[in-house]
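Observations on the three-dimensional arrangement
One letter stands for each residue in the lines below.
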Amino acid sequence: MAASAAIAVFSSPRIGAYPTFIGYGYTSCQVCHFNSFGNGPLTDYGRAVGASTIAATGPLAGIDGDEGLALASGFLGRKELPVWLRPAVAVRGLYLVSGLEGDAPRKRFIPMQIDASLTIQSPNRKHWASMTLGYLPDRETGIKANSSKERQPLISREHYLSTELREGTRLMLGMMDIPFGIRIPDHTAYSRSQTQLAMNDQAHLAIVHQYGESYELGLSAIAGNLFQDADLRQSGAALFAEYDLLEKVRIGHSNLYTRNKYRSRLMNAVHARVGAGEGSSVLVEVGSVAQKTQIPTTNLRSYLLFENMIRFARGFHVMIVGEYATQDTFRSAPRSLRLGPAIQWFPMNRVEIRSDFQVTRVFNAPTVEEDVMDFLLQAHLWF
Amino acid sequence: MVLKKLFVLVLALLSTFARAQVLVQSVQNPDCQIFSVDRKQSLIVKTTRRFPVGTQLETRRAAGTRIFKTFFPKTSQAVVFGDPQEKSAFLIGNGVCLFSANRHVETKSLAPSAPVVTQKNLTFSLQTFKTRVTVHFPNGETAALNVQLIGALPEFSYSWRTSHSEWGFGVGAFMGTAEIGRSLAEQKSGDLVGFDYQANNLKIFGGEVSLFYLLRPVYKNVALGVKMPLRWQKTSWPLPGEDYSVTPQNDLSLSYLLEARVERDSITWIQSFGFYKKWGNILWSLGASYRF
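Residues numbered from 1 in each chain as written. Chains lettered and ligands numbered in written order. Predicted model: local features only at pLDDT ≥ 70, side-chain atom pairs only at ≥ 80, totals over all residues.

1. Thoughts on the overall build of chain A
The following threshold applies: The helix count covers DSSP runs of H or I at least four residues long, the strand count covers runs of E at least two residues long, and both are numbered beginning at the N terminus. We call two residues in contact when their backbone-placed C-beta atoms lie within 7 Å.
Along chain A, the regular secondary structure elements total 4 helices and 16 strands. Contacts spanning at least 24 positions in sequence make up 51% of the contacts within chain A whose residues lie at least 6 apart.

Below is the structure:
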């Protein structure tokens, strides 16, 4: 694996990463992640590029430089596993201080992600089965799972089969995230909470992924979350498309329609990802969510995401995030604006530290209150 | 003998310092990249091997390496030359690069020195900030109420720029709306608890002049700096009743902002984050600028 990872870094024709990494020239998710549309376990290439390009060299750089870091980026470091076996572990914790604007801020630690993945792939790396199990600790104690019978401490984040039908066409079948909009990792972002496509909103679906030199298409047939009761499942279809407009400039659109016994949803979004220089980028997404319920009213939510990542040094990025959302676009409803600076730091491979200062300002509310201020400090480890 | 050893030590230290300088300069060059034609794959500078003196390299893309296009030099041809005695080589790309055997890379601008150039920019920003107004009651009591504003700021700026820093000034106009609503943030009397004062979509306009200073510590297209706008703005706050007054109707205030810029060709994305008038009144601005 180590050798193949190094070869991949310096010769692979396709690479991908966080959506903000378009600034590095990485436009597509599919080579860095097993899931063609991002999220979940990293491929050998993704591990190696993270170690040799994204993260700071750290204390373990050794004498081999970036090549050595790439070679040591496997699950067991330099020890190679059989090519068909790709395990992974990801842990993410959050220290949240909320209500900074008041006299008594609330401090909490939230274990956000404790995931273990196993991917079995064919020797030619064109077909694989992947499963990620997530552990859900009790939110209050943060240690052990809730004893409630309805609550499952272990859930499947995703499990699917992925096969290359022919060059440029891939079929994915199973439970996973629905491709829609820019898949940023911040699950509380309005673009993910308004669309209800956050960290626990996976569904069973079949995706045909078609890609070429300058475009990607993902057509999803959605059966809904089969672990839910049948009348609650949101089934339907979704389309995701991205095109290269210029070098390091990608524009895209997403459309989704789902319904169950109680409601239907029609969502549309357009987005752009623009890279500038080495490692800096701007992401913009504008979307709407039209929701019909049994009550004869249609509610049209809308949101905007603006995210600017600025690379100051290898592994060190300053981000400025601005978000806007309203619960009802054409009626008098509160409009939320959330904004703030953040630092994203990869001090060494397998370690990400992120710190956000968020200010939420609500317009069109009955009273003009103080801004709500939160501080978030995340640690993300992966193996 | 001791003096000789000391001399050698000083020379060694100086050479170490010189090598450190070389490394620092290599970090500051985003364009000096090369790929090998014969291997049909791209090479990042840190893995670049030496080329024979006099070799001419075409900087075309190799098949299947499209993803690495950002690593290619923008010029159509690169020439490797150097001193055969020193066994070092140079690459002429956007800048001049020295590729040495131990992977150190030195870059220099083709210009003899970084001149000061002037820039003119037109910027359009969306801005929101918070402040407070004071309601004066007939009985002499006062109460401070939160106000939040959102609006647009077209701005013209003129600046002087070197390779790593930029300083300048801007002149702009602000148009927007304000809302105020019943929030007696600093009520001083129990009599005011039931006081109802609410308004939104109030027109606000004004102008500002600003000074800014930006640094480009690593990449020429990424800047971080400070900006201090001095703004005058006018709003007609509705009066709750006779003998009431709301101040200030005119406001002249300083803001204290951190500014981040990312440039791509003539377009610059600008975000500013800081405080209007005082700590806690958060101001955020998002804009795009065109350089001409």
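This is not the end of the story, as more comes after the structure.
2. Quick look at the overall build of chain B
The test is simple: Field definition: a residue is buried when 20 or more other C-beta atoms are found within 10 Å of its C-beta, exposed when 12 or fewer are, and partly exposed for counts in between, with C-beta atoms placed from the backbone.
Helix and strand counts for chain B stand at 1 helix and 16 strands. Counting the 292 residues in chain B, one finds 27% classified as buried. Put simply, 55% of the contacts in chain B that link residues at least 6 apart link residues at least 24 apart.

3. Focus: helix H2 (residues 44-54) of chain A
For H2(A), the tally of buried residues reaches 11 of 11 residues, placing the bulk of the element in the interior. Every buried residue of H2(A) is accounted for by Asp44(A), Tyr45(A), Gly46(A), Arg47(A), Ala48(A), Val49(A), Gly50(A), Ala51(A), Ser52(A), Thr53(A) and Ile54(A).

4. A short note on the environment of Leu149(B)
Residues and elements named next belong to chain B. Structurally, Leu149 can be placed in strand E9 (residues 142-161). Look at Leu149 and you get buried, because 22 C-beta atoms sit within 10 Å. Residues Leu149 and Ile180, spaced 31 residues apart in sequence, show a C-alpha to C-alpha distance of 9.0 Å. Ignoring any residue separated from it by four or fewer positions in sequence, one finds Leu149 in contact with Thr128, Phe129, Gly176, Ala178 and Ile204.

5. Side note on the confidence of the model for chain B
All names here are of chain B. Keep this limit in mind: What pLDDT expresses is the predictor's confidence in each residue, scored from 0 to 100.
Residues at a pLDDT of 70 or more form 56% of chain B, whose mean pLDDT is 66. Note on residues 11-113: pLDDT under 50 across the span, and 152 contacts to partners over four residues away in sequence or across chains. If you check the scores for this complex, the pTM reads 0.77 and the ipTM reads 0.74.

6. Some points on the nonpolar core
To keep it simple, the criterion reads: By definition, a nonpolar core groups buried Ala, Val, Leu, Ile, Met, Phe, Trp, Tyr and Cys residues that are joined through C-beta atoms within 7 Å.
Membership of the largest hydrophobic core comes to 47 residues, with the highest contact counts inside it found for Leu145(B), Val147(B), Ile180(B), Val222(B), Val262(B) and Leu283(B). Residues contacting Val147(B), with those up to four places away along its chain left out, are Val368(A), Lys130(B), Thr131(B), Arg132(B), Val133(B), Ala178(B) and Ile180(B). The next biggest cluster of nonpolar side chains, apart from the first, holds 37 residues, and it includes Tyr24(A), Tyr26(A), Ala238(A) and Met267(A).

7. Overview of the pairing of strand E16 (residues 372-382) of chain A
Residue and element names in this part refer to chain A. Rules: A pair of strands is labelled paired if DSSP reports no fewer than 2 bridges between them.
Across 9 bridges, the pairing between strand E1 (residues 85-98) and E16 is antiparallel. Looking at E16, one finds that Leu96 is bridged to Leu376. Pairing between strand E15 (residues 351-363) and E16: 10 bridges, direction antiparallel. In the sheet register, Ser355 faces E16, and the bridge partner there is Leu377.

8. Some words on the confidence of the model for chain A
All names here are of chain A. Per-chain confidence: chain A averages 85 in pLDDT, with 90% of residues scoring 70 or above. Considering only residues more than four positions removed or in separate chains, one finds that residues 1-16, a stretch of pLDDT under 50, has 56 contacts. The low-confidence segment residues 140-149, where pLDDT is below 50, has 15 contacts with residues more than four positions distant or belonging to other chains.

9. Things to note about the pairing of strand E15 (residues 267-276) of chain B
Note on strand geometry: in a regular strand, side chains alternate between the two faces of the sheet. Residues and elements named next belong to chain B. With 8 of 10 residues buried, E15 lies mostly within the body of the structure. Bridging between strand E14 (residues 250-264) and E15 involves 10 bridges; their strand directions are antiparallel. Looking at the pairing, Leu257 lines up with Gly274 of E15. Across 9 bridges, E15 lies against strand E16 (residues 282-291) in antiparallel orientation. Counted as the bridge partner of Phe275 is Ile282 from E16. Counting the residues in the hairpin turn of E15 and E16 gives 5 residues, including Lys277, whose phi is positive at 75°.

10. What about unusual backbone geometry?
Residue and element names in this part refer to chain B. Between Thr247 and the following residue, Pro248, the backbone shows a cis peptide bond with an omega angle of 0°. Secondary-structure assignment places Pro248 in the loop between strand E13 (245-247) and E14. A positive phi is found at Asp265, a non-glycine position, where the angle reads about 55°. Inspection of the secondary structure assignment puts Asp265 in the loop between E14 and E15. Among the residues examined, Asp265 registers 10 C-beta atoms within 10 Å and is labelled exposed.

11. Some words on the environment of Val116(B)
All names here are of chain B. Within the secondary structure layout, Val116 lies in the loop between strand E7 (105-108) and strand E8 (117-136). With 10 C-beta atoms packed within 10 Å, Val116 lands in the exposed category. In sequence terms Val116 and Ser163 are 47 residues apart; their C-alpha atoms lie 8.1 Å from each other. Beyond its immediate chain neighbours, meaning those up to four positions away, Val116 contacts Trp160, Arg161 and Thr162.

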